[in-house]
Amino acid sequence: MASEQLLPAVPRWRPSPPREQSRPGHAADDEGPSDTASDVLGGSLRSTDGFPFGSGSSFPPPPFAPMPVTLPRSRTSSSLEISVENGAGAVPAVVRETSLRRVDQGVVLSWEDLWVSAAGGKAGRVPILRGLNGYARPGEVLAIMGPSGCGKSTLLDALAGRLGSGVSQKGDILINGRRQKLSYGTSAYVTQDDVLMTTLTVREAVRYSASLQLPSGMSAAAKRERAEETLREMGLEGAADTRIGGWMHKGISGGQRRRVSICMEILTRPALLFLDEPTSGLDSAASFHVVSRIARLARREGMTVVAAVHQPSTEVYGLFHGLCLLAYGKTVFFGPAAETNQFFALSGFPCPSLMNPSDHFLRTVNKDFDNVTTSVQSIRTLIIISEIFLVNSIPNHTLH
Ligand SMILES: Nc1ncnc2c1ncn2[C@@H]1O[C@H](COP(=O)(O)OP(=O)(O)OP(=O)(O)O)[C@@H](O)[C@H]1O
């Protein structure tokens, strides 16, 4: 089908012109390699220590203002069908409705030239993320994927302002195009581990959390109603009166536990939701259930969702709007998830027939598979082609 005509306009990352490679007092080799791919990416260094959710003292938070990007507005009834190609033709079509809310009231999160490094190594610092660019938009789910150790969690933590001590960050992370702190309740982070009270029922746990998290000015009845509404959104009505349980007493399933954890974090209706491995430990059916609920919520609430995901099934992959594919701390692909197949095919790595596309992407960029030399070379090639691909695509939209 002519999915391009139906797709909402997705602004593609347009890299800024390369800036100076280093600043006085900043050794370039402290932060990243000077290999071919890095040169092509124009990895420049700009210190924004303490930013974005840190001190903010040198950048007083301006008022929340939407960025000048073109977004689909107030479409309430239309729906989109997007198919994921796997080389053998289109595989399960995924219905993606547009947001029921005005998505321009949400949060556009963007990052530019983001570097993260940790203490260690000969130079004193080991680079983890190397000059990443990207964005996440309201009403959409952006998946961060890549082989183990490529920096998915680090990127998620950097965007959420949760980097630990000993890890430093440089580059811009912008909220609606500006450097500003997120106010309380604007963002939420669901960790990989479900930390839940095993003796409570699902309803009790969510109500308890609502009474603690929701504003004191909200009536008890309104808080209860919010808890019930959130349980329904996550499809937990059937399990509401089941004890959560633990290793001693069997309770709800793993997928339900994940959804309870997500419930707790979305009670405040955050504009920005970070999810670390929302499907870890779940089978493909449970994974699909969890991610489809999240995608539906994102659409309905105009929420911006960023999720680090390990190895999604074809069906789960089809629920993502955007993909940020990393390897060795660099962006290999950033753009609409539905276009990744085309990108890999154009780059000389077509997805074999009947293969799960995300398996193919990960296999292609994973040095642990096959011949290491070939793989490293293919990643370099992909990074270089990625830059050319992005520069030449949809030049009408930029984030600045
Ligand atoms: N605080 C830290 N200090 C030193 N190295 C770190 C730190 N945090 C992360 N790293 C390193 O950075 C790299 C990326 O880690 P990260 O956890 O972001 O990867 P990941 O893609 O999420 O991996 P996985 O899929 O296995 O969870 C790893 O090599 C890790 O050891």
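Per-chain numbering applies: the sequence of each chain, read as written, is numbered from 1 onward. Given that this is a predicted model, residues contribute local features only at a pLDDT of at least 70 and side-chain atom pairs are listed and counted only at 80 or more, while totals for whole chains, interfaces and linings are drawn from all residues. The basis for the side-chain values is all heavy atoms of the structure; hydrogens and waters are excluded.

Where an unreviewed UniProt entry is consulted, the chain appears under the name ABC transporter domain-containing protein, with the organism given as Aegilops tauschii subsp. strangulata. UniProt positions are given in the numbering used here, feature names are shortened, and annotations may be inferred rather than shown by experiment. Turning to the chain, the UniProt annotation filed under Subcellular location (unreviewed entry) states: "Membrane". Among the UniProt annotations of the chain, the heading Sequence similarities (unreviewed entry) holds the following wording: "Belongs to the ABC transporter superfamily. ABCG family. Eye pigment precursor importer (TC 3.A.1.204) subfamily."

J.: I'd like a description of the packing of aromatic side chains, backed by residues and values.
T.: For this analysis, a ring pair means two rings from Phe, Tyr or Trp (six-membered ring only for Trp) whose centres lie within 6.5 Å, classed as stacked if their planes differ by under 30 degrees, edge-to-face if by over 60, and tilted for the remaining angles. This model, assessed by the stated rule, comprises 8 aromatic pairs. A ring pair is formed by Trp111 and Phe334, whose centres lie 6.1 Å apart and whose planes are at 90°; its orientation type is edge-to-face. With a gap of 223 residues between them, Trp111 in strand E3 (residues 109-119) and Phe334 in strand E11 (residues 330-336) connect regions that are remote in the sequence. Exposure is judged per residue with a 1.4 Å probe applied to protein chains only, and the accessible area is read against the type maximum: over 50% gives exposed, under 20% gives buried, and values in between give partly exposed. When its relative accessible area of 3% is taken as the criterion, Phe334 is described as buried. Grouping aromatic residues by their ring pairs yields a cluster made of Tyr317, Phe320, Phe333, Phe343, Phe344 and Phe361. In this analysis the charged atom, NZ for Lys or CZ for Arg, is taken to sit over a ring once it is within 6 Å of the ring centre and within 35 degrees of the ring normal. The ring centre of Tyr189 lies 3.7 Å from the NZ or CZ of Arg162, which sits over that ring. The numbering of helices and of strands both runs from the N terminus, where a helix is a DSSP run of H or I of at least 4 residues and a strand a run of E of at least 2.

J.: Describe the site of the ligand, and please don't skip the residues or the numbers.
T.: Within the structure, the ligand sits among Ala118, Ile128, Pro147, Ser148, Gly149, Cys150, Gly151, Lys152, Ser153, Thr154, Val167 and His310. Counting of polar contacts relies on pairs of N or O atoms within 3.5 Å, with two restrictions inside protein: one atom must be capable of donating a hydrogen and the other of accepting it, and residues adjacent in sequence are counted only when both atoms are side-chain atoms. Contacts to the ligand include Gly151, whose backbone N or O atom sits 3.0 Å from an oxygen atom. His310 places a polar side-chain atom, nitrogen or oxygen, 3.1 Å from an oxygen atom of the ligand. Only the protein chains shown count as cover for residues, and the accessible areas themselves come from Shrake-Rupley with a 1.4 Å probe. For the ligand, whose unbound accessible area comes to 630 Å², protein coverage reaches 55%. The greatest single-element share of the shell around the ligand, amounting to 3 residues, is contributed by helix H4 (residues 152-160). Only heavy atoms are used to decide nearness, and a residue is near a molecule or strand if one of them lies within 4 Å of it.

J.: Requested: an account of the nonpolar core, with residues and values cited.
T.: The term nonpolar core refers to a set of buried residues drawn from Ala, Val, Leu, Ile, Met, Phe, Trp, Tyr and Cys, joined through side-chain atoms within 4.5 Å. With 55 residues, the main nonpolar core has Val260, Phe320 and Leu325 as its most contacted residues. The element contributing the most residues to this core is helix H8 (residues 284-301), with 7 residues. Residues from two domains meet in this core; each of domain 1 (3-186 + 270-392) and domain 2 (198-269) gives at least three. Contacts are assigned to residue pairs with any non-hydrogen atoms lying within 4.5 Å of each other. Apart from the residues within four sequence positions on either side, Leu325 is in contact with Met145, Gly146, Lys330, Thr331, Val332, Phe333, Phe344, Phe361, Leu362 and Val365. If you look at the next biggest cluster of nonpolar residues, it comprises 28 residues, including Val116, Leu132, Leu182 and Leu326. Where each domain starts and ends comes from a domain assignment, either automatic or drawn from a database.

J.: Give me the environment of Cys351: which residues, what numbers.
T.: Structurally, Cys351 is set in the loop between helix H10 (340-346) and helix H11 (357-365). Linking Cys351 and Phe361, residues 10 residues apart in sequence, is a C-alpha distance of 8.0 Å.

J.: Can you explain the sheet that holds E3? Please cite residues and give values.
T.: Here we have 3 strands laid out as an open sheet, ordered E4-E3-E6, and antiparallel in their pairing. Lying at the two open borders of the sheet, with one neighbouring strand each, are strand E4 (125-136) and strand E6 (167-175). If you compare each strand with its neighbour and ignore which way they point, the axes differ by 10° on average. By definition, two strands form a pair when at least two bridges between them are found by DSSP. Both E3 and E6 contribute to a ladder of 8 bridges, which runs antiparallel. The convention used is that axes are lines fitted to C-alpha atoms, helices contributing only their stretch in contact, and that angles between N-to-C directions extend from 0 to 180 degrees.

J.: Provide a residue-level description of the sheet that holds strand E7 (residues 187-190), including the pertinent values.
T.: The mixed open sheet is built from 6 strands, whose spatial order is E7-E8-E9-E5-E10-E11. The sheet is open, and its two borders are formed by E7 and E11, each paired with just one other strand. For this sheet, the mean inter-axis angle between neighbouring strands, taken without regard to orientation, is 15°. In this structure, strand E5 (residues 141-145) lies alongside strand E10 (residues 322-327), joined through 4 bridges in parallel fashion. Following the sheet pairing, Ala143 is matched in E10 by Leu323. Where helix H7 (residues 254-266) meets the sheet, it contacts E7 and strand E8 (272-276), and its direction lies at approximately 160° from that of E7.

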